[in-house]
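Summary of the model geometry
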Amino acid sequence: MDASSHIAIDENSARYDGWRIVAVCFVVATFGWAFGFYGQSVYLAELHRLHGWPASVISGGTTFFYLFGAAIVVFVAEAVRAFGPRNCLLAGVCVMAAAVVLIGQVNEPWQLYAVDALLAFGWAGTTLGIITNTLGLWFDKKRGMAISLALNGASFGGIAGVPLLVVAINRFGFSGAMIVSALAMILVTIPVILIFVGRPPRHSSASVAATAANAPSPTQIRARALRDFGFLSVSIAFALVLFAQVGFIVHLISFLDPVIGREHAAIAVALLTAMAMIGRVLFSTVIDRLNQRLASALSFASQAVALMIVINSQNEIVLIAACALFGFSVGNLITLPSLIVQREFAPEAFGVLVSLLTAINQITYAFGPGVVGLLRDLSGSYTLPFYGCIAVELTAAALIMMRSGSRHGEETRS
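This text gives an overview of the structure that appears in the document. (Residues numbered from 1 in each chain as written. Predicted model: local features only at pLDDT ≥ 70, side-chain atom pairs only at ≥ 80, totals over all residues. Heavy atoms only, no water.)

Details of the overall build of the protein chain
To keep it simple, the criterion reads: Put simply, DSSP H or I for four residues or longer makes a helix, DSSP E for two residues or longer makes a strand, and each gets a number counted from the N terminus. Throughout, radius of gyration means the C-alpha value; the globule benchmark is 2.2 Å times the number of residues raised to the power 0.38. Exposure classes here rest on a 1.4 Å probe applied to the protein chains alone. A residue is buried below 20% of its type maximum, exposed above 50%, and partly exposed in between. Residue contacts are defined here by distance: any two heavy atoms, one from each residue, within 4.5 Å place the two residues in contact. For the accessible areas, the method is Shrake-Rupley and the probe is 1.4 Å, while residue cover comes only from the protein chains on display. Charge assignment: positive for Lys and Arg, negative for Asp and Glu; neither His nor the chain ends contribute. By convention, the point assigned to a charge is CZ for Arg, NZ for Lys, CD for Glu and CG for Asp.
For the protein chain, the count of helices and strands is 19 helices and 0 strands. The C-alpha radius of gyration of the protein chain comes to 21 Å, within 12% of the 22 Å expected for a compact globule of 414 residues. Over its C-alpha atoms, taken along the principal directions, the protein chain stretches across nearly 65 × 45 × 40 Å. For the protein chain, the residues scored as buried account for 54% of the 414 residues in total. Expressed as a percentage of contacts within the protein chain between residues at least 6 apart in sequence, the contacts between residues at least 24 apart total 84%. As displayed, the protein chain has an accessible area near 17200 Å², and 67% of this comes from carbon and sulfur atoms. Looking at the protein chain, you have 23 positive and 20 negative side-chain charges, and the mean spots of the two groups are 6 Å apart.

What about the packing of helix H4 (residues 85-103) against helix H5 (residues 109-124)?
Definition in use: Helix axes use the C-alpha atoms of the stretch in contact, all axes being lines fitted to C-alpha atoms, and the angles between their N-to-C directions lie in the range 0 to 180 degrees. If an angle is under 35 degrees, it is roughly parallel; if it is over 145, roughly antiparallel; if it lies from 65 to 115, roughly perpendicular; otherwise it is oblique. By convention, the crossing between two helices is left-handed when the near helix turns anticlockwise from the far helix through less than a right angle, and right-handed when the turn is clockwise. Each residue is assigned to one class: nonpolar for Ala, Val, Leu, Ile, Met, Phe, Trp, Tyr, Cys and Pro, charged for Asp, Glu, Lys and Arg, and polar for all the others, Gly among them.
Between H4 and H5, whose axes approach to 7 Å, the crossing angle comes to 150 degrees. Relative to H5, the element H4 is oriented roughly antiparallel. Where H4 crosses over H5, the two elements pack in a sense that is left-handed. Across from Gly92, Val95, Met96, Ala98, Ala99, Leu102 and Ile103 in H4, the residues of H5 making contact are Val115, Leu118, Leu119, Phe121, Gly122 and Trp123. Taken together, the residues of the contact of H4 with H5 break down into 11 nonpolar, 2 polar and no charged.

Observations concerning helix H11 (residues 229-260)
One turn of the α-helix equals 3.6 residues, which is why residues spaced by three or four share an orientation. Our working rule: Each helix should span, by expectation, one fewer than its residue count multiplied by 1.5 Å. Given a residue, its bend is the angle between the two axes fitted to the seven residues that end at it and to the seven that start from it. Under this definition, polar contacts are N or O atom pairs within 3.5 Å; protein pairs additionally need one hydrogen-donor-capable and one acceptor-capable atom, and for neighbouring residues in sequence, both atoms have to be side-chain atoms.
The first and last C-alpha atoms of H11 sit 44 Å apart over 32 residues, in line with the 46 Å expected at 1.5 Å per residue. Approximately 50 degrees is the largest bend angle found in H11, and it occurs at histidine 251. Structurally, the start of H11 carries an N-cap: the backbone nitrogen of glycine 230 is 2.9 Å from a side-chain oxygen of aspartate 228. Trailing H11 by a residue or two, glycine 261 shows a phi angle of about 95 degrees, which is positive.

Remarks on helix H14 (residues 316-328)
Compared with an ideal rise of 1.5 Å per residue, which puts 13 residues at 18 Å, H14 spans 19 Å between its outermost C-alpha atoms and is within 8% of the ideal. Taken as a whole, H14 has its buried residues at Leu319, Ile320, Ala322, Cys323, Ala324, Phe326 and Gly327. The backbone nitrogen of isoleucine 317 lies 3.0 Å from a side-chain oxygen of the residue at the head of H14, namely asparagine 315.

Some thoughts on the packing of aromatic side chains
To keep things clear, this is the line we draw: Any two of the Phe, Tyr and Trp rings considered here, Trp counted by its six-membered ring, make a pair once their centres fall within 6.5 Å; the pair's planes then place it as stacked at under 30 degrees, edge-to-face at over 60, or tilted in between.
Under the criterion given, the structure shown has 22 aromatic pairs. Taking 6.0 Å as the distance between ring centres and 35 degrees as the angle between the ring planes, the aromatic pair formed by phenylalanine 26 and phenylalanine 156 counts as tilted. Separated by 130 residues along the polypeptide, phenylalanine 26 in helix H1 (residues 18-51) and phenylalanine 156 in helix H8 (residues 152-196) bring together distant segments of the chain. Of the residues examined, phenylalanine 26 reaches a relative accessible area of 28% and is grouped as partly exposed.

Remarks on the side chain of arginine 143
Under the convention used in this document: Salt bridges are identified by distance alone: a Lys or Arg side-chain nitrogen within 4 Å of an Asp or Glu carboxyl oxygen.
By secondary structure assignment, the location of arginine 143 is in helix H7 (residues 143-150). Despite its burial, arginine 143 pairs with no opposite charge; the closest candidate is aspartate 140, at 4.2 Å N-O. Engagement of the side chain of arginine 143 in a polar contact is seen with the backbone oxygen of phenylalanine 139, the distance being 2.9 Å.

Remarks on the pattern of salt bridges
Evaluated as defined, the whole model comprises 4 salt bridges. One salt bridge in this structure joins arginine 222 and glutamate 78, with 2.9 Å as the shortest N-O distance. Within this pair, whereas arginine 222 is found in helix H10 (residues 218-225), its partner glutamate 78 is found in helix H3 (residues 76-83), the two being separated by 144 residues in sequence. Of the charged contacts in the structure, one is a salt bridge between glutamate 344 and arginine 293, with a shortest N-O distance of 2.7 Å. Taken together, the residues glutamate 344 in helix H15 (residues 332-344) and arginine 293 in helix H13 (residues 292-312) connect sequence positions 51 residues apart.

Overview of the nonpolar core
Here is the rule we go by: Here the nonpolar core consists of buried residues drawn from Ala, Val, Leu, Ile, Met, Phe, Trp, Tyr and Cys, with membership extended through side-chain atoms lying within 4.5 Å.
In this structure, Tyr43, Ile131, Leu135 and Phe300 are the most contacted members of the largest nonpolar core, which totals 101 residues. Among the elements that line this core, the one with the most residues is H1, at 13 residues. Residues within four places of phenylalanine 300 in sequence aside, it is in contact with Ala237, Phe238, Val241, Leu333, Glu393, Ala396, Ala397 and Ile400. Leu252, Ala268, Val310 and Tyr382 belong to the second-largest nonpolar core, a separate cluster that totals 28 residues.

Quick look at the side chain of serine 155
Along the chain, serine 155 turns up in helix H8. The buried category is assigned to serine 155, whose relative accessible area is 3%. Here serine 155 is in contact with Tyr38, Thr273, Ala276, Met277 and Arg280, once residues within four sequence places are set aside.

Here it is, written out as structure tokens:
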């Protein structure tokens, strides 16, 4: 290994190139979540209005999108290793832009499912898997802050992306709006990726470990992880929480509408999303120094408390405040799993394990809205499914505090 591999870098410096990568990932995440996650509710409404297709058919496409995307995101680490972060980001943006255009052109349900498959490739190349793998090549000690700041783009995609998408649809029609949106994505993201994303620093521990001759293969890493209690406690706990979190958020307006009205329900959802960004920014300053399992457990418990308030209150201010409390931890629950992996497992395993975690979580939360809706229909109210979400959150809080006795990361580093 040559001397350049040992050059120290100052991740605290504002002039460090890695912070430019954070800004790029923020921009990519904004579009990725706006079109891949939050945009799904817009597509459902517009396709139902235009074609009269049953909501179950359209939402089934969304579930297919998440499940197919989970199968793809498992291999993001290998793609980054083979083609480099710049090429992977460019490919993700271009594929997502193509899918966005095609969503506005579908005339048959089978076409929607085909486009959702394409969108899943774009989702894998613009969201959590690619962002954590990319930033892992530039950051080690400040990785938590870097990922937290970049993933604020996810919240921004919900706050700004969906309203702008609705405005564009009103102005240009659904098909025209999708074309305009895709062009905006290409014109904004492609230049910043080409200008700022270059070769990762050769002296980063992640880069050195990833290219080490004796590093285990991704298949070996995944096989070992799925037999390791420490990894399973993280993956299962966060899968459960995201199942409850996504199920609750998707049904939130339907729950609040008869209680406080559609406009105030929309305010509650907007505040929840804004608090997700605020919570992520505040946590980013200390997240690398926290006991991250304990922070996760407390976040799960705070969501359970918020859900309990939502179920048992009729007061508008209290309900909106409970939504804000729930939202405060929403963003950090996306960031924390990767940081636990970084702390507890070997550096060369980081990208592969984060991709695997992302896939497991995505498979699980894809069913959250459907299960909550089914329980609501069977019981006649949201009380049963939301209490079920509380039970899931508290179970996850207990599970995340369990870990195996071995210290994987320390063993590898020693």
